[in-house]
Amino acid sequence: MAKNVVLLGPPGAGKGTQAERISKKYGLVQLSTGDMLREAVKKGTPLGMQAKSYMDKGELVPDDVVIGIVREKLKELKNAPGVLFDGFPRTVEQAKALDSMLEEEELSPVMVIQMEVDDSEIIERLTGRRVCEKCGANYHVKFNPPQKNGTCDACGGPLVQRADDNEETVRNRLKVYHQSTSPLVGYYREAGKLRVVGGSGSIDEVFSRIDSILSSV
Ligand code: AP5
């Protein structure tokens, strides 16, 4: 089992959904830059105030800012059994920085799982996503509905739509993905670190594809 894993894929590929299951099964610590940035926005910290304008438009937060928060977090996670990166890296510059940070901290290099999903499916997934305001649990009105409409199964908190899940912003996030993040596929393929899985099908089906890769290395 690889100790450090990157989930790579477009917005809405199911990275967060699968990260939760993978972390549970393999005891990895999930590091989601999107969650960290949203938390900073919620708390109104200087980082959050800087990040908000980018996130609202579906643009990437500048590399130096994101690399800085990951660097700090990795120091805290030095003794973790392994880290599951969800939403990081997103540019070649971030990927190079991650390689150096892992080396500096004497941590294992990453294995990368790329999740492929068509753009049309992504729009439906993201515009129908609902998240719990209290605990962050993830739902979909059609594909993964809560038992009681508008209420989180896990904690009873209210389900809301993310500010960047409207169709216009989702389309821009996809454009940004194709321009800035998809070059990572070549970067990791050349490094011999890339595995590719289909991200369509049920959540359980996608998990079993990822699981069969992780359990065989
Ligand atoms: P972030 O929070 O990372 O958003 P994202 O990458 O756009 O990914 P999502 O969280 O939208 O999707 P996901 O792949 O996790 O899918 P999920 O499992 O939720 O980033 C947000 C913003 O922060 C960025 O736009 C940027 O501004 C900034 N940012 C973050 N990291 C950054 C970085 N490294 N550099 C610079 N800026 C950064 O699933 C989506 C929906 O589909 C859910 O409703 C789910 O229930 C449903 N679903 C999941 N799997 C399936 C399935 N198999 N079938 C049907 N439905 C499914």
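Just above, that's the structure.
Below is a short write-up of the structure. Keep in mind that this is a model prediction, so the values were computed, not measured. (Residues numbered from 1 in each chain as written. Predicted model: local features only at pLDDT ≥ 70, side-chain atom pairs only at ≥ 80, totals over all residues. Heavy atoms only, no water.)

1. Details of the pattern of salt bridges
Note on pairing: side chains with opposite charge can pair once their charged atoms come close. A complete count under the given rule lists 17 salt bridges for this structure. In this structure, R38 and D35 form a salt bridge, with 2.9 Å as the shortest nitrogen-oxygen distance. Here the residue R38 and the residue D35 both occupy positions in helix α2 (residues 33-43), the gap between them amounting to three residues, near one helical turn. Here D35 falls in the partly exposed class, since its relative accessible area comes to 43%. With its nearest N and O atoms 2.8 Å apart, the salt bridge here joins D165 to R129. Here the residue D165 occupies a position in the loop between β7 (159-160) and α7 (167-181), and R129 occupies one in strand β5 (residues 129-132), the gap between them amounting to 36 residues. (Salt bridge = Lys/Arg side-chain N within 4 Å of Asp/Glu carboxyl O. Helix = DSSP H or I, 4+ residues; strand = E, 2+ residues; numbered from the N terminus. Buried < 20%, exposed > 50% of the residue type's maximum accessible area, 1.4 Å probe, protein only.)

2. Examining the sheet that holds β5
Pairing is antiparallel across the open sheet formed by three strands, whose spatial order is β6-β5-β7. Each edge of the open sheet is held by one strand with a lone partner, namely β6 (138-140) and β7. Two elements, β5 and β6, share three bridges in a ladder whose sense is antiparallel. Within β6, the residue paired with R130 across the bridge is Y139. (Pairing = 2+ DSSP bridges.)

3. Structural notes on the site of the ligand
Neighbouring the ligand are 37 residues, the closest being T17, E59, R90, R129 and R173. One of the side-chain N or O atoms of R162 is found 3.1 Å from an oxygen atom in the ligand. A total of 1,000 Å² of accessible area belongs to the ligand in isolation, and the protein chains cover 97% of it. Those elements that place two or more of their residues in the shell around the ligand are α1 (15-26), α2, α6 (119-127), β6 and α9 (203-214). Among the elements that take part in the shell around the ligand, α2 stands out by supplying four residues, more than any other. For the shell around the ligand, the per-class residue count stands at 14 nonpolar, 14 polar and nine charged. (Near = heavy atom within 4 Å. Polar contact = N/O pair within 3.5 Å; in protein donor to acceptor, adjacent residues only side chain to side chain. Areas by Shrake-Rupley, 256 points an atom, 1.4 Å probe, with all protein chains shown as cover. Nonpolar A, V, L, I, M, F, W, Y, C, P; charged D, E, K, R; others polar.)

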